[in-house]
Amino acid sequence: MLLLFSKIYPVFRILVLIFLVKFNNNKEYLSPKQAMLKVTEKKSGNRHESFVVGNDTFNQDVSRNELAKMIILHEYPIIMVNHIGFRNYSHSLQPLFKIVSRNSMKNDIMKLYESEKSKKMKILAKNKSCIAITTNMWIASNQNKGYMSVTAHYIDENWILFIYVPTPDTAEVICDFLVDCLMDWNIYRKLSTLTVNNCSTNDALIDHLIDKMSPSSFVLKGKLFHIRYCAHILNLIVKDGMQTISSSIEKIRESVGFWVATPKREEKFKETCNQLNMTYEKKLAQDC
């Protein structure tokens with residue numbers, strides 16, 4: 001009798017294990033936060049030694065939060081949650097995960113933003129140093145809307161905010177939205193400098209901003225508040241210099257365009273270089 005039981009018992013254990021695996025994989029029996037059976041394979045080199053059975057927990061809220069982080073991190077379109085391929089792929093990984101709609105995912109992203117914003121504001125509240133602000137404007141070609149980026153620098157760290165600014169981007173409109181942004185983040189009392197492009201609109205922006213805010217809190221009462229982009233100034237200098245020799249540059253551009261138009265012309269150009277004992281290591285490239 002004992003001999004018969006010793007032979008049947010291993011088979012009985014395997015049948016029970018198979019039943020538990022099927023039971024846990026059936027989502028009708030599981031809630032989104034219920035514990036599941038997890039089978040982990042243990043290896044020794046290339047050999048399969050054994051299988052370890054343990055508990056694993058699936059959490060719908062955690063998975064939704066990670067999905068929102070993925071969309072933000074890689075700048076994926078929110079509409080991807082409606083794509084059939086993505087839904088099938090997610091279901092193959094975890095059948096219990098319920099894909100949310102685009103609007104629900106948008107709300108998840110905004111909740112995540114508010115959570116991270118709260119953490120940053122606590123860090124800024126403890127920060128005792130002044131904060132230098134850099135701002136820039138651009139127009140989104142596919143939306144025909146103006147956007148303003150605000151970057152705050154303090155000590156050796158930096159963080160970036162994006163706020164919507166309706167066009168036209170006049171100095172008054174930019175000033176109002178910038179002040180609202182600074183007050184929303186509670187950093188308007190810690191400003192040291194504001195760095196902007198070298199243009200008349202930004203010059204007027206500085207005047208409006210100083211009128212709205214107390215200059216007494218600025219370094220030297222605002223004398224060093226307006227900082228201009230050195231890179232932008234250098235860019236304007238280079239453009240003026242290139243304009244002086246624009247005719248020569250255009251002739252070179254047309255000559256390069258002629259020789260790279262067909263492979264036969266390019267081969268002829270290479271042969272000419274060899275006849276003149278000139279090295280031809282890199283191919284001609286047409287600029288934009």
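It should be noted that the structure appears before, not after, this text.
Below is a short write-up of the structure.

**So, the pattern of salt bridges**
Going through the model one piece at a time under the given rule, you end up with seven salt bridges. Across the salt bridge formed by Arg 64 and Asp 108, the nearest N and O atoms sit 2.8 Å from each other. With Arg 64 in helix α2 (residues 60–74) and Asp 108 in helix α4 (residues 102–126), this residue pair connects regions lying 44 residues apart in the sequence. The buried category is assigned to Asp 108, whose relative accessible area is 14%. With a closest N to O distance of 3.9 Å, Lys 69 and Glu 66 form a salt bridge. Note that Lys 69 and Glu 66 are positioned in helix α2 at a spacing of three residues, about one turn of the helix. The class of Lys 69 is partly exposed, set by a relative accessible area of 37%. Accessibility expressed as a relative area gives 43% for Glu 66, which makes it partly exposed.

**Describing the packing of helix α5 (residues 171–184) against helix α6 (residues 200–212)**
Contact pair α5 / α6: the axes reach a minimum separation of 9 Å and the direction vectors enclose 50°. When the axis of α5 is compared with that of α6, the two are oblique. For the pair α5 and α6, the crossing hand works out as right-handed. For the pair α5 and α6, the contacting residues are Ala 171, Glu 172, Ile 174, Cys 175, Asp 176, Leu 178 and Val 179 in the first and Thr 201, Ala 204, Leu 205, His 208, Leu 209 and Lys 212 in the second.

**Concerning the packing of aromatic side chains**
Overall, the coordinates contain three aromatic pairs when judged by the stated rule. Note on Phe 258 and Trp 259: the rings are 5.2 Å apart at their centroids and 80° apart in plane angle, and the pair reads as edge-to-face. What makes Phe 258 partly exposed here is its relative accessible area of 41%. Between the aromatic rings of Phe 269 and Tyr 280, the centroid separation amounts to 5.7 Å while the plane-to-plane angle is 65°, which identifies the pairing as edge-to-face. Of this pair, Phe 269 sits in helix α9 (residues 263–275) while Tyr 280 sits in the segment after α9, and the two are 11 residues apart along the sequence. Taken together, the aromatic side chains of Phe 258, Trp 259, Phe 269 and Tyr 280 make up a single cluster linked through ring pairs.

**Concerning the pairing of strand β4 (residues 145–154)**
Burial analysis of β4 places seven of its 10 residues in the buried class, the great majority of the element. Where strand β3 (residues 131–140) and β4 come together, nine bridges link them in antiparallel fashion. Looking at β4, one finds that Thr 135 is bridged to Val 150. Hairpin remark: β3 followed by β4, antiparallel, with four residues in the connecting loop; positive phi at Asn 144, about 55°.

**Quick look at unusual backbone geometry**
Backbone phi values are negative for most residues with the exception of glycine, while trans is the configuration of most peptide bonds. Phi at Glu 75 takes a positive value of approximately 55°, unusual for a residue other than glycine. Here Glu 75 shows up in the loop between α2 and α3 (84–93). Positive phi, close to 60°, is recorded for Asn 186, a residue that is not glycine. Examined against the element boundaries, Asn 186 turns out to sit in the loop between α5 and β6 (191–196).

**Remarks on the side chain of Glu 266**
With respect to the secondary-structure elements, Glu 266 resides in helix α9. In this structure Glu 266 is buried but unpaired, with Lys 283 as the nearest side chain of opposite charge at 4.9 Å. For Glu 266, the contacting residues outside a window of four places in its chain are Trp 259, Tyr 280, Lys 283 and Leu 284.

Cut-offs applied
- Residues numbered from 1 in each chain as written.
- Predicted model: local features only at pLDDT ≥ 70, side-chain atom pairs only at ≥ 80, totals over all residues.
- Heavy atoms only, no water.
- Salt bridge = Lys/Arg side-chain N within 4 Å of Asp/Glu carboxyl O.
- Helix = DSSP H or I, 4+ residues; strand = E, 2+ residues; numbered from the N terminus.
- Buried < 20%, exposed > 50% of the residue type's maximum accessible area, 1.4 Å probe, protein only.
- Axes fitted to C-alpha atoms, helices over the stretch in contact; angles between N-to-C directions.
- Parallel < 35°, antiparallel > 145°, perpendicular 65-115°, else oblique.
- Left-handed = near helix turned anticlockwise from the far one by under 90°.
- Contact = heavy atoms within 4.5 Å.
- Phe/Tyr/Trp six-rings, centres within 6.5 Å; stacked < 30°, edge-to-face > 60°.
- Pairing = 2+ DSSP bridges.
- Lys, Arg positive; Asp, Glu negative; His and termini not counted.

Read these as geometric descriptors, not functional statements.
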